[in-house]
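Reading the structure
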Amino acid sequence: VAVPARHGSSAKMAAPISRGSRAPEPGAAPYGNFPNYSRFHPPEGRISLLPQGLLRSLFPAATRPLLGLDVGCNSGELSVALYQHLLGLQDSSSSPEPPGASKELKLLCCDIDPELIRRAQQSSPFPASISFASLDIMDSGAREPFLSSYLQRFGRSSFDIGFCMSVTMWIHLNHGDRGLLEFLALLASLCSFLLVEPQPWRCYRAAARRLRRLGRDDFEHFRSLRINGDMAQSITRILTQECAMELVCSFGSTSWDRSLLLFRS
């Protein structure tokens with residue numbers, strides 16, 4: 001799940017990791033832009049925790065189509081699986097898009113890595129309903145016109161539901177505590193509901209270890225992070241106390257020990 005380069009007016013886009021014939025090892029993705037992410041964290045691990053009919057229960061009478069935003073979508077496997085699950089579609093990427101599905105939910109998925117986005121666009125079974133775009137979500141100069149123009153197409157000012165699946169750690173490591181706070185405040189302002197899967201602190205240590213093993217510079221902010229420890233608890237506190245959201249439900253944890261938390265503005 002990929003995120004952006006350093007924050008600030010002089011920020012450069014993170015150069016995507018070059019892909020040779022051999023896939024790089026997992027450590028070679030300092031923004032979480034692993035080329036085969038869904039192989040080691042398959043979508044079913046999250047989907048199985050989400051109840052059937054979730055969209056109907058959250059939005060019994062809302063104007064359709066509902067608008068969704070998936071930040072850090074990688075190559076799109078989880079985005080597609082979420083879309084299928086939320087609409088109760090059969091899990092078959094070979095089936096054509098059912099008539100009417102695009103009237104129910106439009107999903108905008110973004111990632112910093114253009115190569116992963118190209119892959120997502122090529123393999124998406126739902127091109128009428130799911131849009132994939134290369135975007136550095138922390139670059140306000142790129143983000144604001146892009147998201148505004150998407151929302152304006154539907155006459156809307158915000159998204160009904162946002163997805164932030166194993167993204168918070170990469171924002172935090174690359175942008176520090178302030179970047180994490182800005183990112184969560186942004187999502188809270190953009191989305192009526194927000195489904196977050198925070199990475200636990202041990203994942204931060206593992207990511208830093210992988211970079212060191214490869215002889216790379218450490219994450220710029222890793223040793224100065226004051227927000228640490230129980231990250232699910234910290235992110236819940238930030239969203240509820242500082243971003244005026246409320247925790248609606250915890251759907252439990254995946255087999256790799258990540259909580260799925262649903263918040264409402």
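The coordinates are above.
Quick summary incoming for the structure in this document.

Parameters and conventions
- Every chain is numbered independently, its residues counted from 1 as its sequence is written.
- Where totals are concerned, whole chains, interfaces and linings use all residues; where local detail is concerned, this predicted model gives features only for residues with pLDDT of at least 70, and gives and counts side-chain atom pairs only at 80 or more.
- With hydrogens and water stripped out, all remaining heavy atoms of the structure feed into the side-chain values.
- Only strands joined by at least two bridges in the DSSP assignment are considered to pair.
- Strands here are runs of E lasting at least two residues and helices are runs of H or I lasting at least four, both read from the DSSP assignment and numbered beginning at the N terminus.
- Every axis in this analysis is a line fitted to C-alpha atoms, fitted for helices over the stretch in contact. Angles between the N-to-C directions lie between 0 and 180 degrees.
- The contact criterion used is simple: two residues touch if any of their non-hydrogen atoms lie within 4.5 Å.
- A helix's residues, less one, multiplied by 1.5 Å, set its expected span.
- Only protein chains enter the accessibility calculation, which uses a 1.4 Å probe; a residue is then buried when its area is under 20% of its type maximum, exposed when over 50%, and partly exposed in between.
- The directions from the helix axis to the C-beta atoms form the arc being described.

**Thoughts on the sheet that holds strand S3 (residues 130-134)**
Reading across from one edge, S3-S2-S1-S4-S5-S7-S6 is the order of the 7 strands in this open sheet, with mixed pairing throughout. Single-partner strands in this sheet number two, and they are S3 and strand S6 (246-253). Averaged over all pairs of adjacent strands, the angle between their axes in this sheet comes to 15 degrees, without regard to strand direction. Two strands pair when backbone bridges link them, and strand S1 (residues 66-71) and strand S4 (residues 159-165) are joined in this way by 3 bridges, in the parallel orientation. By the bridge assignment for S4, Leu-69 is matched with Gly-162. Packed on one face of the sheet, helix H6 (residues 114-123) meets strand S2 (105-111) and S3 and runs near 160 degrees to S3. In the packing of helix H10 (residues 231-242) onto the sheet, the strands contacted are strand S5 (191-197), S6 and strand S7 (259-264), and the crossing angle to S7 comes to about 5 degrees.

**Some details on helix H9 (residues 201-213)**
Over its 13 residues, H9 extends 19 Å from the first C-alpha to the last, a length consistent with the 18 Å expected when each residue adds 1.5 Å. Listing the buried residues of H9 in full gives Trp-201, Cys-203, Tyr-204, Ala-207, Ala-208 and Leu-211. For H9, the angular spread of buried residues about the axis comes to 155 degrees, placing them on one side. Looking at the buried side of H9, the elements it contacts are helix H8 (168-190) and H10. Immediately downstream of H9, the backbone of Gly-215 shows phi near 75 degrees, a positive value.

Function cannot be read off these values alone, since they describe shape.
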